[in-house]
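Here is how the chains run, residue by residue.
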Amino acid sequence: ETGVTQSPTHLIKTRGQQVTLRCSSQSGHNTVSWYQQALGQGPQFIFQYYREEENGRGNFPPRFSGLQFPNYSSELNVNALELDDSALYLCASSLALQGASNIQYFGAGTRLSVL
Amino acid sequence: AQSVTQLDSQVPVFEEAPVELRCNYSSSVSVYLFWYVQYPNQGLQLLLKYLSGSTLVKGINGFEAEFNKSQTSFHLRKPSVHISDTAEYFCAVRRSRGGSNYKLTFGKGTLLTVNP
């Protein structure tokens, strides 16, 4: 077990609604990354937060946004939900240090279904 | 940009048989390489990683992988599989420094099914 916890585990929303997913980092980690895993696919990078700021972003629209808090926990917010947003959302935490390998450790994910 | 190709979407094997899951990557810069395993309805667990040094890396649960720079491959192997190894396996790559070295790029996964 990695120590990265995500909540909730499952969520059902309807198209057009907004959703917030939460992630608690592994103790000692200062960086959080979010990934979307559609059914039958590998995870796709959404964005990463370091020191409470977005550190990099994948090919996702602005309606995907995030926050990182002083305790390094994080939220992923998705506005105007679309059917294609149905997926497993994975959070990964890591320790960003100069010259270090910054290995990412994943939580169990939140399964989002958009109806 | 980096990309990963997992050459087999499904690999069925019998228990106690050897297995190899194939992974090729593309990158113009030096990279780190990873294998993650995903059991049904769970998140990703790190199996092993190649950062530098010896090209043969050993991971958990008896798995090992060999980094081949000339063939841009990082195949995963296990000499004798168990029923409990049934899972989805993902190969991933990340820049080792500079640029977008924060993000992992994953392959589409290989479903390993171990039959009795």
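Residues numbered from 1 in each chain as written. Chains lettered and ligands numbered in written order. Predicted model: local features only at pLDDT ≥ 70, side-chain atom pairs only at ≥ 80, totals over all residues. Heavy atoms only, no water.

Please explain the nonpolar core as it appears in this structure.
Formed by 28 residues in total, the largest nonpolar core has its most connected members in B:Leu33, B:Trp35, B:Leu47, B:Leu48, B:Phe74, B:Leu76 and B:Tyr89. Counting residues in hydrophobic clusters, the runner-up holds 20 residues, among them A:Val4, A:Tyr49, A:Phe64 and A:Cys91. (Core = buried A, V, L, I, M, F, W, Y, C linked by side-chain atoms within 4.5 Å. Buried < 20%, exposed > 50% of the residue type's maximum accessible area, 1.4 Å probe, protein only.)

Would you explain the interface of chain B and chain A in this entry?
Accessible area lost upon the coming together of the parts serves often as the stated size of an interface. Listed by partner, the interface residues are 18 residues for chain B and 22 residues for chain A. Both faces considered, chain B and chain A share a buried interface measuring about 1600 Å² in area, 57% of it formed by carbon and sulfur atoms. Broken down residue by residue, the surface that chain B buries against chain A is led by B:Leu44, B:Tyr102 and B:Phe106, which jointly contribute 34%. There are zero salt bridges connecting chain B and chain A. Scanning the region where chain B abuts chain A turns up four residue pairs in polar contact (both at pLDDT 80 or more). Looking at the side of chain B that touches chain A, the elements with two or more residues in it are β5 (31-38), β6 (44-50) and β10 (87-95) of chain B. The element that contributes the greatest number of residues to the side of chain B that touches chain A is β5(B), accounting for four residues. The residue inventory of the side of chain B that touches chain A, partitioned by class, reads 10 nonpolar, four polar and four charged. (Contact = heavy atoms within 4.5 Å. Buried area = accessible area lost by both parts, 1.4 Å probe. Salt bridge = Lys/Arg side-chain N within 4 Å of Asp/Glu carboxyl O. Polar contact = N/O pair within 3.5 Å; in protein donor to acceptor, adjacent residues only side chain to side chain. Helix = DSSP H or I, 4+ residues; strand = E, 2+ residues; numbered from the N terminus. Nonpolar A, V, L, I, M, F, W, Y, C, P; charged D, E, K, R; others polar.)

Got a minute to help me understand the pattern of salt bridges in this structure?
Two side chains of opposite charge can pair, provided their charged atoms sit close to one another. All names here are of chain A. Evaluated as defined, the whole model comprises nine salt bridges over all chains. Across the pair Glu 54 and Arg 57 runs a salt bridge, and its minimum N-O distance is 3.1 Å. Among the ionic pairs, Asp 85 bridges to Arg 63, the shortest N-O distance being 2.8 Å. With a gap of 22 residues between them, Asp 85 in the loop between β8 (74-78) and β9 (87-94) and Arg 63 in the loop between β6 (53-57) and β7 (64-68) connect regions that are remote in the sequence. You'll find Asp 85 and Arg 63 in the same group, each marked buried. Through salt bridges with shared partners, a single network forms among Arg 63, Glu 82 and Asp 85.

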